Amino acid sequence: MKVFFVGAGPGDPELLTLKAQRVIAACPVCLYAGSLVPPEVVAGAPEGALVRDTAPMTLAETHAEILAAQTRGEDVARVHSGDPSLYGAIAEQIRLLKRDGIEYEIVPGVPAYAAAAAAMGQELTVPGVAQSIVLTRMSMKSTSMPEGETLETFARSGATLAIHLGVRALREIERQLVPHYGAECPVAVVYRVGWPDQEILRGTLSDIREKVRTAKITRTALILVGPAMGEVEGFEDSALYDPAQPHVLRPVRR
């Protein structure tokens, strides 16, 4: 048997990859993180499959389900939101699988920052404005951040920041980022991207906290900060399609 860590994307069932759909449809056991993965995503599980929401379960309890499936010789679809490689909490699960000699495979999914950019209809890397994206989070009540991985450290680069688990810490985010980006730096807060109740709030470091408070958003939101998040005018075209910049697939035309 094998355990498949399946990236379910941000919530829209149509953003499942073909492989993710195929794996879910083939596994007799489907364990999904119901707090972040809607039931529609796992609706394609085979008839008679064991489908369990792991939101109220502990690591030991979910692993017990996997061990039971191993005894029965049944593959498991372990479905996580977004892409499992980012804040998927799969490292500790993989450690247990390795300990018990259970084979596993990771099926990537659409990450929240990519889905958020698509929902806003924009590119996150604008020539001459921002060419890097920092994926990070606030520690708050969750696992602490390693020393050196602070917003202030990342802000010095001027890159676009994609901040997870931070919608309740907007005051602290503002405090740390304003000295580097300025109070009028564009910010977008994307709530439950890919879900029917998706909401996008745009503002600046100085006013986004009040907008979020008014909208009563307290969880499941991604914060995007940086100059590229605003209406950027006058930026240069990318050299990728510049006729004056030939490359191996587009040689000089004579």
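Up top you'll find the structure we're talking about.
Quick summary incoming for the structure in this document. Computed from a predicted model, the values in this text were never measured in an experiment. (Residues numbered from 1 in each chain as written. Predicted model: local features only at pLDDT ≥ 70, side-chain atom pairs only at ≥ 80, totals over all residues. Heavy atoms only, no water.)

Digging into the state of the cysteines
Cysteine pairs can be covalently joined through their sulfur atoms, and such a bond is termed a disulfide. Heads up, the condition is: Sulfur atoms of two cysteines make up a disulfide when they are within 2.5 Å.
In total, this model carries zero disulfides according to the counting rule given. No disulfide involves C27; its nearest neighbouring cysteine sulfur is the one of C30, lying 7.7 Å away.

Details of the packing of aromatic side chains
Stated precisely, the cut-off is as follows: Two rings belonging to Phe, Tyr or Trp (six-membered ring only in the last case) form a pair when the distance between their centres is within 6.5 Å. Interplanar angles under 30 degrees mark stacking, angles over 60 mark edge-to-face geometry, and anything in between is tilted. Strands here mean DSSP runs of E at least two residues long; helices mean DSSP runs of H or I at least four residues long; both are numbered from the N terminus. We call a residue buried when its accessible area falls under 20% of the maximum for its residue type, exposed when it is over 50%, and partly exposed in between, using a 1.4 Å probe and counting protein chains only. Geometrically, a lysine NZ or arginine CZ counts as sitting over a ring once it is within 6 Å of the ring centre and also within 35 degrees of the ring normal.
Under the criterion given, the structure shown has one aromatic pair. Taken together, a centroid distance of 6.2 Å and an interplanar angle of 70° make the contact between F5 and Y104 edge-to-face. Residue F5 is found in strand β1 (residues 2–7), and its partner Y104 is found in strand β5 (residues 103–107); the two are separated by 99 residues along the sequence. Residue Y104 is classed as partly exposed on the basis of its relative accessible area, which comes to 28%. Cation over ring: R192 sits above W195, and NZ or CZ is 3.9 Å from the ring centre.

Observations concerning the side chain of T204
Test applied: We call two residues in contact when some of their heavy atoms are within 4.5 Å.
Mapping T204 onto the fold places it in strand β9 (residues 199–204). Judged by relative accessible area, T204 falls into the buried class, the value being 12%. With residues up to four places along the chain from it excluded, the contact list for T204 reads A183, E184, C185, P186 and V187.

Brief notes about the packing of helix α6 (residues 170–181) against helix α7 (residues 208–215)
Stated precisely, the cut-off is as follows: Every axis in this analysis is a line fitted to C-alpha atoms, fitted for helices over the stretch in contact. Angles between the N-to-C directions lie between 0 and 180 degrees. Angles are sorted into four bins: roughly parallel if under 35 degrees, roughly antiparallel if over 145, roughly perpendicular if 65 to 115, and oblique for all others.
Following both chains from N to C, one finds α6 and α7 inclined at 170°, their axes separated by 9 Å at the closest point. By the angle between their axes, α6 is roughly antiparallel relative to α7. On α7, the residues that touch L170, R171 and E174 of α6 are I208, R209 and V212.

Considering the sheet that holds strand β3 (residues 50–53)
We apply this condition: If DSSP finds at least two bridges between two strands, the strands pair.
If you trace the five strands from one edge of the open sheet to the other, you get β3-β2-β4-β1-β5, paired in parallel fashion. Since the sheet does not close on itself, it has two edges, and those belong to β3 and β5, each with one partner. The mean inter-strand angle of the sheet, taken between neighbouring strand axes irrespective of direction, is 15°. As paired strands, β1 and β5 are joined by five bridges and run parallel to one another. Considered in β5, the bridge of F5 is made with I106.

Description of helix α3 (residues 91–99)
The line we're drawing: Working definition: the arc comes from the directions between the helix axis and the C-beta atoms, pointing outward to the latter.
Taken as a whole, α3 has its buried residues at Q93, I94, L96 and L97. What you see down the axis of α3 is that its buried residues fit within an arc of 160°, all on one side. Facing away from the buried side of α3 by more than 90 degrees, the exposed set consists of A91, R95, K98 and R99.

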